[in-house]
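Inside the fold
Residues per chain, in single letters:
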Amino acid sequence: IRFGPDPSEYRDDFLTNPRLNVNDFTEFETVKVDPNRTKLLAEDPELVFILNGFAGDMFTGFALLVEVFDQELRDIVQSASSDNETIFIVYMIAMFGGFYLILFRRAVGEAKKETVKARDFVARIPSYTLSQLEIDTVASIFSHPQDV
């Protein structure tokens, strides 16, 4: 135990000590207010200073504690809100990026399929019905830049 006695020195017989009596620690059993003395207590300047001078300390202390807790709460909520916005932004970027890549890849794949279909169509055109200039024009449309 860090802040306690050494375990070899610890005994729990203090709980059953016959010399300790609860009544020995209390001086008064009942407290009564004498209404005749209340006026005298209110008129004594030293007692008034003691009674009234520190009456707000507890409330001031609690107000300071509440202020600290409110500040901590605002900081935690601000941090959580910032983290939530960051996570949401990352999520949206991932979703849009994923959908874009999926749609882009799909569109490129469809374009390649259409290119193959167009080349097949051009290959099936009876070339004997076209002039040489027309054949070269149609072929140039589908030729790759490195073929030129």
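Residues numbered from 1 in each chain as written. Predicted model: local features only at pLDDT ≥ 70, side-chain atom pairs only at ≥ 80, totals over all residues. Heavy atoms only, no water.

This structure, assessed with the given rule, holds 2 salt bridges. Lys113 is the salt-bridge partner of Glu110, the closest N and O atoms lying 4.0 Å from each other. With Glu110 and Lys113 both in helix H4 (residues 57-124), this residue pair falls 3 residues apart, about one helical turn. Ionic pairing is found between Glu114 and Lys117, a salt bridge with its closest N-O pair at 3.5 Å. With Glu114 and Lys117 both in helix H4 and 3 residues apart, this pair spans about one turn of that helix. The class for Glu114 is partly exposed, based on a relative accessible area of 44%. (Salt bridge = Lys/Arg side-chain N within 4 Å of Asp/Glu carboxyl O. Helix = DSSP H or I, 4+ residues; strand = E, 2+ residues; numbered from the N terminus. Buried < 20%, exposed > 50% of the residue type's maximum accessible area, 1.4 Å probe, protein only.)

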